[in-house]
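# A structural walkthrough
The primary structure of each chain is shown beneath.
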Amino acid sequence: MNSEDRATRKTRAAGLAFMVGLVVTMIASFFLPGGFIIEYTDPADYAASVAVLADYANLGHVVTTVSIIGMLLMIGGVIRLYSVSEGEGALAQPILRFGIILTVIEWSIVVLGHGERHLLIHLLQRGEGDTLSADVMAQYDALVIGGYADMVGGFLAFLFIFPFASFLLGLGLSSRFSSFDIYKIASYLLMLVGIVGFVVIMTGMHFPDIDLQPLLVVNNLNLTVGAVALFIIGLGMYQGRSELSSEG
């Protein structure tokens, strides 16, 4: 097997990991306690969100673990795209590489947030029972609320980086495709998703009196569109598209 065949196989494997990671992560998000299916709770209501996690502790651990695995697969897939940026033009090369780096950073922050959820659920499990004194229970409650706030802060950091990562990744990838096909459309969608994400996070930060529910709906739909676009890019890698391999 020559070097070109090995590179193609690596790209196909990375594309498969990318797609599997996206599907696993999306499915897991639906079964997160307090999410879409399991007793939906307003994320801004810390006490209610923590209570739901306490009621479904084991499910929370499983879903969180699956989410981490999915994110790691996605990170492994997108890193392969770094070799695609070799040989690009003077402007396209750094744009694509910076977009890939930011994408790895934002997804790593999500993994960290999931790890904090594991700790939060563990604290909830340790705090159960009637054998604990009132003082100890109060300490656990403070740790739990503080842990939840830290977890939300981590995911908020992801939302701040995500628009720039998505836009630059889409911009860098769009320059790879000469014809207007589904892969170029997916690249443009990533750019659009980045713009919408920036508007949503800025609106939420600068207008604190606005109802957060519509923003959360828009944000979730926007993330879903971004996931579909990334899945298409992963499919192109798996199919061995020359534009998505180092030989392209």
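Structure's up top.
One non-glycine residue, Glu 39, lies in the positive phi region at around 50°. Summarising the element assignment, Glu 39 is placed in the loop between helix H1 (3-30) and helix H2 (46-55). For Glu 39, a relative accessible area of 40% corresponds to the partly exposed category.

Under the criterion given, the structure shown has five aromatic pairs. The interplanar angle of 75° and the centroid separation of 5.8 Å between the aromatic rings of Phe 164 and Phe 198 together place this pair among those described as edge-to-face. Here Phe 198 lies in helix H6 (residues 182-206) and Phe 164 lies in helix H5 (residues 134-174), a separation of 34 residues in the sequence. Judged by relative accessible area, which is 37%, Phe 198 ranks as partly exposed. Between the aromatic rings of Phe 177 and Tyr 183, the centroid separation amounts to 6.0 Å while the plane-to-plane angle is 15°, which identifies the pairing as stacked. Accessibility expressed as a relative area gives 6% for Tyr 183, which makes it buried. Directly above the aromatic system of Tyr 238 lies the positively charged group of Arg 12, at a separation of 4.5 Å from the ring centroid.

This part is about the packing of H2 against helix H4 (residues 92-126). Relative orientation and spacing of two packed helices are given, respectively, by the angle between their axes and the distance between those axes. Running from N to C, H2 and H4 point in directions that differ by 75°, and their axes come no closer than 9 Å. Looking at the two axes, H2 sits roughly perpendicular to H4. Of the residues in H4, those touching H2 at Val 50, Leu 53 and Ala 54 are Leu 120, Ile 121 and Leu 124. Broken down by class, the residue content of the contact of H2 with H4 amounts to six nonpolar, no polar and no charged.

Before going further, it helps to spend a moment on the nonpolar core. Note that soluble globular proteins tend to have their nonpolar side chains buried in a common cluster. If you look at the biggest cluster of nonpolar residues, it comprises 45 residues, and the most contacted ones within it are Phe 18, Leu 81 and Trp 107. Elements supplying a minimum of two residues to this core: H1, H2, helix H3 (57-80), H4, H5, H6 and helix H7 (212-238). Tallying contributions element by element places H4 first for this core, with 10 residues. Not counting chain neighbours up to four residues away, the residues in contact with Leu 81 comprise Ile 100, Ile 233, Met 237 and Leu 244.

This next bit is on the side chain of Thr 64. Mapping Thr 64 onto the fold places it in helix H3. Among the polar contacts made by the side chain of Thr 64, one reaches the main-chain carbonyl oxygen of Gly 60 at a distance of 2.6 Å.

Here is what the cut-offs are and how they apply
Residues numbered from 1 in each chain as written. Predicted model: local features only at pLDDT ≥ 70, side-chain atom pairs only at ≥ 80, totals over all residues. Heavy atoms only, no water. Helix = DSSP H or I, 4+ residues; strand = E, 2+ residues; numbered from the N terminus. Buried < 20%, exposed > 50% of the residue type's maximum accessible area, 1.4 Å probe, protein only. Phe/Tyr/Trp six-rings, centres within 6.5 Å; stacked < 30°, edge-to-face > 60°. Lys NZ or Arg CZ within 6 Å of the ring centre and 35° of its normal. Axes fitted to C-alpha atoms, helices over the stretch in contact; angles between N-to-C directions. Parallel < 35°, antiparallel > 145°, perpendicular 65-115°, else oblique. Contact = heavy atoms within 4.5 Å. Nonpolar A, V, L, I, M, F, W, Y, C, P; charged D, E, K, R; others polar. Core = buried A, V, L, I, M, F, W, Y, C linked by side-chain atoms within 4.5 Å. Polar contact = N/O pair within 3.5 Å; in protein donor to acceptor, adjacent residues only side chain to side chain.

No statement about biological role is implied by the geometric values presented.
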